[in-house]
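Chain by chain, the residues:
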Amino acid sequence: MKYQGCLLAVKDMEISKNFYEKVLQQKILMDIGVHVTFEGFSLQQGYAELIGVPSDSVQEESNNFQVYFEVEDLDTVYTELKRIPGILWVHEIKEYPWGQRDVRVYDPDKHIVEIAEDMGVVIKRFIGQGMSVEEVAERTMFPLEVVKQYMHL
C-alpha cells in the first residue's frame, strides 16, 4: 500500500483552487474540473454526493485536521498573507518551545492551513545566535547528528 495524499472537500472549486494556487503558490498537477490535484493533496467538489452521504454531514471548521506547508521566510509569507483581504486567521505568528514559528489560517472551506518555518531555518538561526550544537539539539529535539549537518551549510 502506498500513501497518495489527502483530499479536501470543497464547496466552490474555483475559489479553493485560487487559494491554493495563487495564495499558497501550489502547482496544479491535474485539473479535471470537480477534482484538482496538487503535490501531496487534492481538492474535490461534490464530495458528499461522490461518496453517498448527506451533504450536511460534511462539516465546516472541524478543527481536527490541517494541511501543512513549510517556508524559508515566514515573515515574508506572513506579510503577504496580511495583504490579502478576507483571510481568516486561526492565529498569527506563534513560536513553539522547539523554536519553530508558524501561522495558521483557514482556507475558503474552513480547513486549517499551517505555514511553518522549515526546521533547517530554525537550526541555522540558533547556530547564528551562537548556540552550541548541543544546545540547538536540545532545544529543537533534533538528533545531534542532524544539527551538526547544518554547521556546514
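Some thoughts on the overall build of the protein
Piece 1. A tally of regular secondary structure across the protein gives six helices and eight strands.
Piece 2. Reading the protein from its N end, one meets helices and strands in the order β-α-β-β-β-α-β-α-β-β-β-α-α-α.
Piece 3. Each of the three principal axes of the protein carries a C-alpha extent, and together these read 55 × 40 × 25 Å.
Piece 4. A total of 153 residues make up the protein; the buried ones form 37% of that total.
Piece 5. Residue pairs in contact within the protein that sit at least 24 positions apart in sequence constitute 49% of those at least 6 positions apart.
Piece 6. Looking at the protein as shown, the accessible area adds up to about 9,400 Å², and 53% of this sits on carbon and sulfur atoms.

Some remarks on the nonpolar core
It is characteristic of soluble globular proteins that their nonpolar side chains tend to be buried jointly.
Piece 1. Ranked by internal contacts, the top residues of the largest apolar core, which has 22 residues, are Tyr 20, Phe 41, Leu 43, Val 113 and Ile 115.
Piece 2. The contact partners of Phe 41, leaving out residues within four places of it in the chain, are Cys 6, Leu 8, Tyr 20, Gln 26, Val 36 and Phe 69.
Piece 3. Of all hydrophobic cores here, the second largest spans eight residues; its members include Met 119, Ile 123, Phe 126 and Val 136.

Some points on the packing of aromatic side chains
Piece 1. According to the stated counting rule, one finds seven aromatic pairs in the structure shown.
Piece 2. Plain terms: the ring middles of Phe 38 and Phe 41 are 5.0 Å apart, the flat faces sit at 15 degrees to each other, and that makes the pair stacked.
Piece 3. On the accessibility criterion, Phe 38 (1% relative accessible area) is buried.
Piece 4. Taken together, a centroid distance of 4.9 Å and an interplanar angle of 10 degrees make the contact between Tyr 96 and Trp 98 stacked.

Some details on the packing of helix α4 (residues 119–128) against helix α5 (residues 133–140)
Each pair of packed helices can be summarised by the angle the axes make with each other and by the distance between the axes.
Piece 1. Direction vectors running N to C along α4 and α5 enclose 140 degrees, while the axes themselves pass 10 Å from each other. On the basis of their axis angle, the class for α4 and α5 is oblique. Crossing angle aside, the handedness with which α4 passes α5 is right-handed. Residues Met 119, Val 122, Ile 123, Phe 126 and Ile 127 of α4 pack against Val 136, Arg 139 and Thr 140 of α5.
Piece 2. Broken down by class, the residue content of the contact of α4 with α5 amounts to six nonpolar, one polar and one charged.

Regarding helix α3 (residues 74–82)
Piece 1. Every buried residue of α3 is listed here: Leu 74, Val 77 and Leu 81. For α3, the angular spread of buried residues about the axis comes to 65 degrees, placing them on one side.
Piece 2. In this structure, the buried residues of α3 make contact with α1 (13–23), β5 (66–71), β6 (88–95), β7 (101–106) and β8 (112–117).
Piece 3. Where α3 begins, the side chain of Asp 73 points an oxygen toward the backbone nitrogen of Asp 75, at a separation of 3.3 Å.

Brief notes about the sheet that holds β8
Piece 1. An order of β5-β8-β7-β6 is seen for the four strands of this open sheet, with the pairing classed as mixed. On the outer flanks of this sheet lie β5 and β6, each paired with one strand and no other. The average undirected angle you get between the axes of adjacent strands in this sheet is 15 degrees.
Piece 2. Where β5 and β8 come together, six bridges link them in parallel fashion. Across the sheet, residue Glu 70 finds its bridge partner in β8, namely Ala 116.
Piece 3. The strands touched by α3 are β5, β6, β7 and β8; relative to β6, the strand with the most contacts, the crossing angle is about 155 degrees.

Cut-off values and rules
- Residues numbered from 1 in each chain as written.
- Predicted model: local features only at pLDDT ≥ 70, side-chain atom pairs only at ≥ 80, totals over all residues.
- Heavy atoms only, no water.
- Helix = DSSP H or I, 4+ residues; strand = E, 2+ residues; numbered from the N terminus.
- Buried < 20%, exposed > 50% of the residue type's maximum accessible area, 1.4 Å probe, protein only.
- Contact = heavy atoms within 4.5 Å.
- Areas by Shrake-Rupley, 256 points an atom, 1.4 Å probe, with all protein chains shown as cover.
- Core = buried A, V, L, I, M, F, W, Y, C linked by side-chain atoms within 4.5 Å.
- Phe/Tyr/Trp six-rings, centres within 6.5 Å; stacked < 30°, edge-to-face > 60°.
- Axes fitted to C-alpha atoms, helices over the stretch in contact; angles between N-to-C directions.
- Parallel < 35°, antiparallel > 145°, perpendicular 65-115°, else oblique.
- Left-handed = near helix turned anticlockwise from the far one by under 90°.
- Nonpolar A, V, L, I, M, F, W, Y, C, P; charged D, E, K, R; others polar.
- Arc of directions from axis to C-beta.
- Polar contact = N/O pair within 3.5 Å; in protein donor to acceptor, adjacent residues only side chain to side chain.
- Pairing = 2+ DSSP bridges.

Geometric descriptors of this kind do not, in isolation, establish any biological role.
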